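Here is how the chains run, residue by residue.
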Amino acid sequence: MKPRPHIIMLVDDDPDFLEMNQHILEGAGYAVQCCADPQTALQKMAGQRPSLVVTDLMMKSLDAGFSFARQIKQHARLKDVPVVIVTAVSSQRGFDFRPRTADELAAMCADAFFEKPVAPETLLNKVRELLKSRDEEVKT
Amino acid sequence: MNEDNPRILVVDDELGMREGCRKILTAEGFEVETAEDGLAGLETFKRRPSFVAALVDLKMPRMGGIELIEKLRALDTDIVLLVITAYATIDTAVEATKRGAYGYIPKPFTPDELLLPIRNGLDRRALSIEAKRLREERERRLLELASERSKSNTIINCMTDGVFVVNREKQIVLRNAAAARIMPESAHVPLPAPLTVLTCAPLRDLLGETLDAGSGPLIVSKEIALDKCTYMVNVSPVLDPSGETSGAVTVLRDITALKKLETAKSMFVSMVAHEIKNPLAVIEGYLNVILTGIAGQDPKRDREMLQKSLLRARTLRTMVAELMNLTAMETGHFTIARSPIDIAKVTADAVEFTKEKARDKGIEVALDCDDQAASERVLADRDAMLSVFTNLIDNAIKYTPAHGRVGIRVEQNGMYVKVTVWDTGIGMAPEERDRAFDEFFRAKNEYTAKVPGTGLGLTIVKRLVDMHHGTITVITQRGKGSEFTVRLPKAEKAP
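The numbering scheme is per chain: residues are counted from 1 as the chain's sequence reads. Note on labels: chains are lettered from A, ligands numbered from 1, in written order. Where local features are concerned, this predicted model is filtered to residues with pLDDT of at least 70; where side-chain atom pairs are given and counted, the filter is 80 or more; whole-chain, interface and lining totals use all residues.

Hey, could you run me through the overall build of chain B in this one?
Only runs of H or I of at least four residues qualify as helices and only runs of E of at least two qualify as strands under DSSP, and these elements are numbered from the N terminus. Helix and strand counts for chain B come out as 16 helices and 18 strands. Counting other C-beta atoms within 10 Å of a residue's own tells you its class, since 20 or more makes it buried, 12 or fewer makes it exposed, and anything in between is partly exposed; those C-beta atoms are placed from the backbone. Classification of the 495 residues of chain B by burial places 29% in the buried group.

Help me understand the overall build of chain A, please; the structure alone is not making it clear to me.
Within chain A, the regular secondary structure consists of five helices and five strands. Each helix (α) and strand (β) of chain A, taken in turn from the N terminus, gives the series β-α-β-α-β-α-β-α-β-α. Here chain A holds 140 residues, and 45% of them are scored as buried. Each residue gets a C-beta atom placed from its backbone, and two residues are in contact if those atoms lie within 7 Å. Relative to all contacts within chain A whose residues are 6 or more apart in sequence, the contacts with residues 24 or more apart total 65%.

Explain the interface of chain B and chain A to me, please; I cannot follow it from the model alone.
Counting residues at the interface gives 24 residues for chain B and 22 residues for chain A. Among the elements of the structure, helix 8 (256-292), helix 9 (299-331) and helix 15 (446-449) of chain B are those that each provide at least two residues to the side of chain B that touches chain A. Residue contributions to the side of chain B that touches chain A peak at 15 residues, all from helix 8 of chain B. Of the residues assigned to the side of chain B that touches chain A, the class counts are ten nonpolar, seven polar and seven charged. Charged means Asp, Glu, Lys or Arg here, nonpolar means Ala, Val, Leu, Ile, Met, Phe, Trp, Tyr, Cys or Pro, and polar covers whatever is left, Gly included.

Any chance you could explain the sheet that holds strand 18 (residues 481-489) of chain B here in plain terms?
Either a parallel or an antiparallel arrangement is found when strands of a sheet pair, and the pairing is made through backbone hydrogen bonds. Residue and element names in this part refer to chain B. What the five strands build is an open sheet, ordered 13-15-16-18-17; its pairing is mixed. Edge positions in the open sheet fall to strand 13 (364-369) and strand 17 (471-477), since each of these has one partner strand only. Between one strand axis and the next, the sheet turns through 15 degrees on average, direction left out of account. Note: strand 15 (residues 405-413) against strand 16 (residues 416-423), eight bridges, orientation antiparallel. When the bridges of strand 16 are listed, Ile-408 appears paired with Val-421. Pairing between strands is defined by DSSP: at least two bridges between them are needed. Only the stretch in contact is used when fitting a helix axis, every axis being a line fitted to C-alpha atoms; angles between N-to-C directions are given from 0 to 180 degrees.

How do you make sense of the environment of Ile-155 of chain B when you look at a structure like this?
Residues and elements named next belong to chain B. Tracing the chain through its elements places Ile-155 in helix 5 (residues 111-158). We classify Ile-155 as exposed; it has 10 C-beta atoms within 10 Å. Note: C-alpha distance between Ile-155 and Asn-176 (21 residues apart in sequence) is 9.5 Å.

Help me out: how do you make sense of the packing of helix 9 of chain B against helix 16 (residues 457-467) of chain B in this one?
Relative placement of two packed helices is described by the angle separating their axes and the distance separating the axes. Residue and element names in this part refer to chain B. Here helix 9 crosses helix 16 at 30 degrees, and the two axes come no closer than 10 Å. Here helix 9 lies roughly parallel to helix 16, going by the angle between them. Crossing angle aside, the handedness with which helix 9 passes helix 16 is left-handed. For the pair formed by helix 9 and helix 16, the contact residues are Glu-322, Asn-325, Leu-326 and Met-329 on the first element and Thr-459, Ile-460 and Arg-463 on the second. When an angle is under 35 degrees it counts as roughly parallel; over 145 it counts as roughly antiparallel; between 65 and 115 it counts as roughly perpendicular; any other value is oblique. When the near helix sits turned anticlockwise from the far one by under a right angle, the crossing is termed left-handed; a clockwise turn instead gives a right-handed crossing.

What is the right way to read the nonpolar core from this model?
As a rule of thumb, nonpolar side chains are buried together in soluble globular proteins. A set of buried residues drawn from Ala, Val, Leu, Ile, Met, Phe, Trp, Tyr and Cys, joined through C-beta atoms within 7 Å, is what defines a nonpolar core. Formed by 48 residues in total, the largest nonpolar core has its most connected members in Ile-8, Val-53 and Ile-85 of chain A. Take this core: its biggest share by element is six residues, from helix 8 of chain B. Those residues within four positions of Val-53 of chain A in sequence are excluded, and the remaining contacts are Met-9, Val-11, Ile-72, Val-81, Val-83 and Val-84 of chain A. Ranked by size, the runner-up nonpolar core spans 42 residues in total, among them Ala-344, Val-465, Ile-472 and Val-486 of chain B.

Any chance you could explain the packing of helix 10 (residues 343-353) of chain B against helix 13 (residues 382-398) of chain B here in plain terms?
All names here are of chain B. Taken N-terminus to C-terminus, the directions of helix 10 and helix 13 make an angle of 50 degrees; their axes are 9 Å apart at the nearest point. In terms of their interaxial angle, helix 10 and helix 13 are classed as oblique. In this structure, the crossing between helix 10 and helix 13 has a hand that is right-handed. Within the contact between the two elements, helix 10 uses Ile-343, Val-346, Thr-347, Asp-349, Ala-350, Val-351 and Phe-353 and helix 13 uses Arg-382, Met-385, Leu-386, Phe-389, Thr-390 and Ile-393.

What exactly am I supposed to notice about the sheet that holds strand 5 (residues 112-115) of chain A here?
Residues and elements named next belong to chain A. The five strands are arranged 2-1-3-4-5 in an open sheet whose pairing can be described as parallel. The sheet is open, and its two borders are formed by strand 2 (31-35) and strand 5, each paired with just one other strand. Across this sheet, the average inter-strand angle for adjacent strands is 20 degrees, counted without regard to direction. As paired strands, strand 4 (residues 83-87) and strand 5 are joined by four bridges and run parallel to one another. The partner of Ile-85 across the bridge, within strand 5, is Phe-113.

Explanation requested: helix 16 of chain B in the structure shown.
Turn by turn, an α-helix covers 3.6 residues, leaving residues three or four places apart pointing in a common direction. The complete set of buried residues in helix 16 of chain B reads Gly-457, Leu-458, Thr-459, Ile-460, Val-461, Leu-464 and Val-465 of chain B. His-469 of chain B occupies a position one or two residues after helix 16 of chain B and carries a positive phi of about 60 degrees.

How should unusual backbone geometry be read in this particular structure?
Comment: phi is negative for the bulk of residues other than glycine, and the bulk of peptide bonds are trans. The step from Lys-116 of chain A to Pro-117 of chain A runs through a cis peptide bond, and the omega angle for that step is -5 degrees. Mapped onto the elements of the fold, Pro-117 of chain A is located in the loop between strand 5 and helix 5 (120-139). Residue Lys-107 of chain B is joined to Pro-108 of chain B through a cis peptide bond whose omega torsion reads -10 degrees. Structurally, the position occupied by Pro-108 of chain B is in the loop between strand 5 (103-106) and helix 5. In this structure, Arg-62 of chain B takes a positive phi of about 60 degrees despite not being glycine. Counting through the fold element by element, Arg-62 of chain B comes out in the loop between strand 3 (51-57) and helix 3 (65-75). In the Ramachandran plot, His-403 of chain B falls in the positive-phi region, its phi being about 70 degrees despite a non-glycine side chain. Looking at the secondary structure, you find His-403 of chain B in the loop between helix 13 and strand 15. Residue class for His-403 of chain B comes out exposed when judged on the 10 C-beta atoms lying within 10 Å of it.

Quick question: what am I supposed to make of the pairing of strand 1 (residues 7-11) of chain B here?
All names here are of chain B. Most of strand 1 is tucked away: five of the five residues are buried. Here strand 1 runs beside strand 3; their pairing, made up of five bridges, is parallel. Directly across from Val-10, in strand 3, lies its bridge partner Leu-55. Regarding topology, helix 1 (residues 15-27) serves as the crossover connection from strand 1 to the parallel strand 2 (residues 31-35), and that connection is right-handed. By convention, orient the strands away from the viewer: a clockwise path from the first strand over the helix to the second makes the crossover right-handed.

I would appreciate a short explanation of the confidence of the model for chain B in the present structure.
Atom-level detail of predicted coordinates should not be read off regions where pLDDT is low. For chain B, per-residue confidence averages 87 on the pLDDT scale, and residues scoring 70 or more make up 98% of the total. Here the prediction assigns the complex a pTM of 0.59, and the interface score ipTM is 0.85. Scored from 0 to 100, pLDDT records how confident the predictor is in each individual residue.

What is the right way to read helix 9 of chain B from this model?
The terminal C-alpha atoms of helix 9 of chain B lie 48 Å apart, and with 33 residues this matches the ideal 48 Å at 1.5 Å per residue to within 8%. Residues Met-305, Ser-309, Arg-312, Met-319 and Leu-323 of chain B constitute the buried set of helix 9 of chain B. Looking at the buried positions of helix 9 of chain B, the neighbouring elements they touch are helix 1 (15-27) of chain A together with helix 8 of chain B. Backbone geometry just downstream of helix 9 of chain B places Gly-332 of chain B in the positive-phi region, at approximately 80 degrees. To estimate how far a helix should extend, the number of its residues minus one is multiplied by 1.5 Å.

What's the story with the environment of Glu-431 of chain B in this structure? I'm lost.
Residues and elements named next belong to chain B. Tracing the sequence through the fold places Glu-431 in helix 14 (residues 430-434). The exposure class assigned to Glu-431 is exposed, which follows from the 8 C-beta atoms found within 10 Å. Spatially, the C-alpha atom of Glu-431 lies 9.4 Å from that of Ala-443, the residues being twelve residues apart in sequence.

Below you can see the structure in the form of structure tokens.
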């Protein structure tokens, strides 16, 4: 029997980003769920646990993506779901969000961080890598 | 007789004595006037008081010599007063000297015996006059200097920049009123005061370093934060003639407002950068998906992505144009020409411009104008007003779901003409309404995500209305619709 595809949750308030990332991930054989805001995404994820989350950072508030990632990592059932943050605000408005070390990344409750637009291959490679290491953890 | 010859007054009751003196003195180049007693002498002096000397007999009727000498001395501090007397005694000599006589000549005398004391007296008089002139000049200079100094002090004290001077021993030796205000903790310490009275460590260090640096005309500038304010501190060394640092002058300029402006400006620039980066990232992202073929080949889907890229590119271009307009308004390069215009006509034109968009969504746009308002003219720039109402009507159509309603109402309102643009659209939450006119603000929800917009339209509308001394207000309810009201001042009616 063919294994069921990984479900990836995409969260972004810009429908164009949702769409392009959906095409990229679906093209690679993943099942994709799209959500325009973190709260709806959390509700959906509680019902159906995704294998990975790709989220925008600045949505309704400047740091909506951060609190979303924190909520995932604090959630009993979702805490192992890898989170990829993709944003255009990494060094805007006097802030510099770019994590420089693994510790900074962990402090963001994120497993990867990219600046928009992320090249399709780069995104896919990271998604594959995160899903693989998670699968290995599950096996051991 | 030459007017410029020095004049001598001879006062004696003996005619022979008067004429004898005149003869001797005239031969010596003096101009001589005579009087027969003290009173007449005083009269003569008062008539033309430019005498360099007076020869006065002691024993005279009406007014004696002692009294005359006293009176003349009181009138002229420099005149050389000589007593001529046949009754020379020590007592009278002392008395005469006390009253102001320079010396006395006992009668009878030879011409030389007369002339010598006169010459001596005149020399002394010249010296005394010269000394007096020098003294007066010196006093005038001192006065000027004092007023110069108080002028400088006044100027320094009136300066809004804080100024203080530190000597080589690191003591504050001068501070102006502004410096005392900026650093109130040291304001009451009497001068000279050690540098340590300054509680601001960076300032202390800066001064210390400058003074320790020794020679050289080095001027140090540094921004220093002090009690919620930012100061540009300039320290310039005071050099002595040998080029050694003998102290430092410090000027503190309050640049707080400039810093705030700078922060606001860089915030705006980074906001603009973000707003430009985002659509560019979308366009790049779509093109990447199409060109890499990573999502497989699907011409129909690719075409959709290209169309969406085009839409974002157009919005971006609009935004750049709007930004340029905003910048022009801010720098004053955007000028409006106000003339009486028919605002009902302008709103009708704006409705015409947006007709197609309304039709596409099945939205009916109602234009309603009361008769009185129709006859009114407002003082405005026609193109600017067309842009204001096109923008508002376009927004109303954009944020109203298909088959909703949009309307424009033109009414008379006191000194103003009131134009209301209303819709039955999605409306705004209170916090969104409060930020509706902010640069780049766009309400974020599922509906607005599908509507292209720059977040600058209403900012420009408000600026334009402000430039016309009008007002713009908004009443809105989430899910019910919005109502934007613009009030514009009426033009004076032609008499």
